[in-house]
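Below, each chain spelled out in residue letters.
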Amino acid sequence: MYTTASVLFKTFAEAGITHAFVNWGNDHPAFLEELERERVESGKTVVEIITCPHEMVALSAAQGYAQVTGKPAAVIVHVDVGTQGLAGAVHNVDRGRTPVLIFAGAAPQSSDKRLKGTKNEWPMWLQDVPDQPSIVRQYMRYTVQLQSGKNAAKMVLRALQIATSEPKGPVYVWARRETTEEEVDKSAIEEKLDITRWPPVQAPGLAPTAIDSIVDALFNARFPLIITANSGRNPKTVPLLSTLSTLLAIGVFTSCPSAVCIPWTHPNYIGLSFGGKNDLLDHADVIILLDVDIPWIDSKGNKPLDDARVFVIDSDPLKTTFGWSHVDAELLCKADPEVALSQLIEAVESRSARGLAAEKLSARKERLASLRSSWTKSQTEAENVKSLAASSTTPTVPFLLAALRSAVVSQTPSKGEKVLWINESISNYPLTWSHLRPEHPGSMIASGASSLGYALGAAVGAYLGGIVVQKEYDLITAVVGDGVFLFGVPASAYWMARRYKTPFLTVVLNNGGWFSPKSSMLGVYPDGLGSAASGQQLTVGFGPDMPDYSQVAVAAGGAWGKRVERADELQAVLEEAVRVVVQEKRSAVVDCIIQSI
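Let me sum up the structure you'll find in this document. In this text, all values refer to a predicted model and were calculated from it rather than measured experimentally. (Residues numbered from 1 in each chain as written. Predicted model: local features only at pLDDT ≥ 70, side-chain atom pairs only at ≥ 80, totals over all residues. Heavy atoms only, no water.)

Turning our attention to the packing of aromatic side chains. According to the stated counting rule, one finds 13 aromatic pairs in the structure shown. Centre to centre, the rings of Phe9 and Phe31 are 5.8 Å apart; their planes meet at 85°, and the pair counts as edge-to-face. Residue Phe9 is located in helix H1 (residues 4–14), and its partner Phe31 is located in helix H2 (residues 29–42); the two are separated by 22 residues in the primary sequence. Of the two residues, Phe9 and Phe31, neither departs from the other in class, the shared state being buried. With 5.3 Å between their ring centres and 15° between their planes, Tyr494 and Phe504 make a pair best called stacked. With a gap of 10 residues between them, Tyr494 in helix H18 (residues 490–499) and Phe504 in the loop between H18 and strand E18 (505–510) connect regions that are remote in the sequence. Grouping residues by exposure puts Tyr494 and Phe504 together as buried. The structure contains a cluster of three or more aromatic residues connected by ring pairs, namely Phe9, Phe12, Trp24, Phe31 and Phe103. Across the ring face of Trp125, the terminal group of Lys119 is positioned such that the distance to the ring centre comes to 6.0 Å. One cation-aromatic arrangement involves Arg367 over Phe223; the distance from NZ or CZ to the ring centre is 4.4 Å. (Phe/Tyr/Trp six-rings, centres within 6.5 Å; stacked < 30°, edge-to-face > 60°. Helix = DSSP H or I, 4+ residues; strand = E, 2+ residues; numbered from the N terminus. Buried < 20%, exposed > 50% of the residue type's maximum accessible area, 1.4 Å probe, protein only. Lys NZ or Arg CZ within 6 Å of the ring centre and 35° of its normal.)

Moving on: unusual backbone geometry. Cis rather than trans, the peptide bond between Glu166 and Pro167 has omega equal to -10°. Within the secondary structure, Pro167 is located in the loop between helix H7 (152–163) and strand E7 (170–176). A cis amide bond, omega 0°, links Gly543 with the succeeding residue Pro544. With respect to the secondary-structure elements, Pro544 resides in the loop between helix H19 (515–524) and helix H20 (549–557). The backbone phi angle of Ala87 is positive, close to 55°, even though this residue is not glycine. For Ala87, the position within the fold is in the loop between helix H4 (79–85) and helix H5 (89–95). We classify Ala87 as partly exposed; its relative accessible area is 40%.

On to the side chain of Gln132, then. Inspection of the secondary structure puts Gln132 in the loop between helix H6 (123–126) and strand E6 (142–145). Engagement of the side chain of Gln132 in a polar contact is seen with the backbone oxygen of Gly105, the distance being 3.0 Å. Here Gln132 is in contact with Val79, Asp80, Thr83, Ala104, Gly105, Ala106, Tyr172 and Trp174, once residues within four sequence places are set aside. (Polar contact = N/O pair within 3.5 Å; in protein donor to acceptor, adjacent residues only side chain to side chain. Contact = heavy atoms within 4.5 Å.)

Here the focus is the pairing of strand E19 (residues 560–564). Where E19 and strand E20 (residues 588–593) come together, 5 bridges link them in parallel fashion. Across the sheet, Arg563 pairs through a bridge with Asp591, a residue of E20. On the question of chirality, the crossover connecting E19 to the parallel E20 by way of helix H21 (residues 570–584) is right-handed. (Pairing = 2+ DSSP bridges. Right-handed = clockwise from strand over helix to strand, strands pointing away.)

Before going further, it helps to examine the nonpolar core. Counting 91 residues, the largest nonpolar core has Leu206, Ile227, Leu289, Ile313, Leu404, Leu505 and Val590 as the members making the most contacts within it. Ala89, Tyr454, Ala459 and Val480 belong to the second largest nonpolar core, which has 55 residues in total. (Core = buried A, V, L, I, M, F, W, Y, C linked by side-chain atoms within 4.5 Å.)

For the rest of this paragraph, the subject is the state of the cysteines. Applying the stated criterion to the full structure yields 0 disulfides. There is no disulfide at Cys256, and the cysteine sulfur nearest it, in Cys261, is 12 Å away. Judged by its relative accessible area of 22%, Cys256 is partly exposed. Cys261 supplies the cysteine sulfur nearest to Cys333, a cysteine that is in no disulfide, at a spacing of 18 Å. (Disulfide = S-S within 2.5 Å.)

Taken in spatial order, the 6 strands of this open sheet run E11-E10-E9-E12-E13-E14, and their pairing is parallel. With partners counted over all chains shown, the strands left at the sheet margins are strand E11 (269–273) and strand E14 (331–334), one partner each. Sheet twist, expressed as the average angle between the axes of neighbouring strands with direction ignored, equals 20°. Of the pairings in the sheet, the one linking strand E9 (residues 224–228) to strand E10 (residues 251–255) comprises 4 bridges and is parallel in character. Its bridge partner being in E10, Ile227 is matched across the sheet by Phe253. Against the sheet, helix H10 (residues 208–220) engages E9, strand E12 (286–290), strand E13 (309–314) and E14, with an angle of about 130° to E13. (Axes fitted to C-alpha atoms, helices over the stretch in contact; angles between N-to-C directions.)

A separate point is helix H12 (residues 337–350). Owing to its 3.6 residues per turn, the α-helix brings residues three or four apart onto one side. Taking 1.5 Å per residue as the helical rise, H12 with its 14 residues ought to reach 20 Å, and the 20 Å between its terminal C-alpha atoms agrees with that figure. Taken together, the buried positions of H12 are Pro337, Ala340, Leu341, Leu344, Ile345, Ala347 and Val348. Within H12, the buried residues cover an arc of 165° as seen down the axis, which keeps them to one side. Pointing more than 90 degrees away from the buried face of H12 are the exposed residues Glu346 and Ser350. Where H12 is buried, its residues meet H10, helix H11 (237–248), E12 and E13. The N-capping residue of H12, defined by a side-chain oxygen 3.0 Å from the backbone nitrogen of Glu338, is Asp336. (Expected span 1.5 Å × (residues − 1). Arc of directions from axis to C-beta.)

What follows covers the sheet that holds strand E15 (residues 419–424). What the 6 strands build is an open sheet, ordered E16-E15-E17-E18-E20-E19; its pairing is parallel. A strand with exactly one partner marks an edge of an open sheet, and here the two such strands are strand E16 (444–445) and E19. Where strand E17 (residues 475–481) lies against E18, 5 bridges are found, and the strand directions are parallel. Across the sheet, Thr477 pairs through a bridge with Leu505, a residue of E18.

This part is about the pattern of salt bridges. Counted according to the given criterion, the structure contains 33 salt bridges. The shortest N-O distance in the salt bridge between Glu584 and Arg586 comes to 3.0 Å. Overall, Arg586 belongs to the partly exposed group, its relative accessible area being 28%. Put simply, Arg97, Asp291, Asp293, Asp314 and Lys319 are held in one network by salt bridges that share partners. (Salt bridge = Lys/Arg side-chain N within 4 Å of Asp/Glu carboxyl O.)

Another point: the environment of Asp545. With respect to the helices and strands, the residue Asp545 is situated in the loop between H19 and H20. Residue classification places Asp545 among the exposed residues on the basis of a relative accessible area of 68%.

A word on the side chain of Arg364. Position of Arg364 among the secondary structure elements: in helix H13 (residues 358–383). Notably, Arg364 is buried but unbridged: the nearest opposite-charge side chain belongs to Asp285, and the N-O separation is 6.7 Å. One polar contact links the side chain of Arg364 to the main-chain carbonyl oxygen of Leu248, over a distance of 2.6 Å. Residues within four places of Arg364 in sequence aside, it is in contact with Leu218, Phe219, Asn220, Ala221, Arg222, Pro224, Leu248, Ala249 and Leu356. (Lys, Arg positive; Asp, Glu negative; His and termini not counted.)

This is how it looks when you write it as structure tokens:
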């Protein structure tokens, strides 16, 4: 017997989906029956099923999987309540432009025993809500209800086509139980789908006039600057950006990055920020905004020069899903970064004969070398400071991250070359990007958004994705805040890591609570009554009796765990944690006490 569920799994597999992250419910009898049919008849399921005790972790795992593979996974959840359980991960895959196919069952519409799949359990009346997809519609690229198994394959292929076209993102497919239980003829299963007829939209490039304007501006500039954040989501852009920067001695600055856009060691990489004042804007006379959501924050005193020439290159240059976003620009170019960078490099190289004046190129290089030296020197100096006070034993974050970097180099077979960093350190984002020094395309990822709790699930999904595309990571390391750790539903995440043999290292930057809301308060009331109050008093602290984070992972997933409070103990503990993950294939959590909020 075959049902609509049979059609769905077959379509997923033929479309290249290898994994489904699932949280089953009373809307899924046909799915469970179909999976057992596959096991009985062929010994395995056509799609690997990953059981996820929490939906937030399921969608975060699917995001990590897609970030590593470049391909969507499926997430299967239970009616309206499971859709709600996806929680903030929905925001993350939307803003992070991550292709994911979410399938949700829905309560039966009938209570008629003549209809297979009809209401037969008491929760089904309560789960029959007026508009289930409205829960997530504003975050989706596409939502659709399946009405029949006969055309379900084509509806899924259309959804995937949209999910993988720029701007990429999540899609939501749903069906009532009567539909998923619908029996279909064997011919529907035997029909071969021609997936090549369902390609994503061809990535657009720059118009010839735009290429001319941008290249002219770059050749004539005194101090050109590229600000980017997300171009590295496509790893192919990293060498292209490096090449363009090198050809014309263009500085590169990352603003709120979500991916490695340029190697940390590139001589023209001159800074990063997550807000604050960007002094480079006071000097740059040509600025290219390359796939960046927040190039600067105006209220922090940031403003390009009045005569600066600003060019925006982005798959959504107007940021059409933001309530407000604006940049005074000469050109807004809707273009794919990989295509656009290739076009600009070709145009620059074709002009090389008459080229950039040698003295101007030399002056640019000297300026960039000075800026780079100042930036890296400040990082080295920060790493040499163990504690903020002579009497304190609590490590500084730069010192801690340098110790982590050293431990990973010393304890992994590749000396840190085959390591994936998952960065959800939030208030320590800029320090983590700076001091872990990600070098290779795709070697550090983040959610690209602001809902906390992504990293733990993403680590599981990234591990599975690495197997699919043969990345052969020595180690996956998540760097998180203590608040993030709790948001990540650790009991579910570490249980999954043990169940599916996806061990990873977690380093918790434990400042005793939520620093970000306190920082936000200080941004509005720097001298207010709350400015001198403790985190505990402000109700943003987790003390005095904080959770023992590492032991949550020990209990839920058999992990190794330890809390570290002294700077002089860090190196040995971090090295042992890396060893446990690499050699024992067991997750490890190091709870690092840092300056309290």
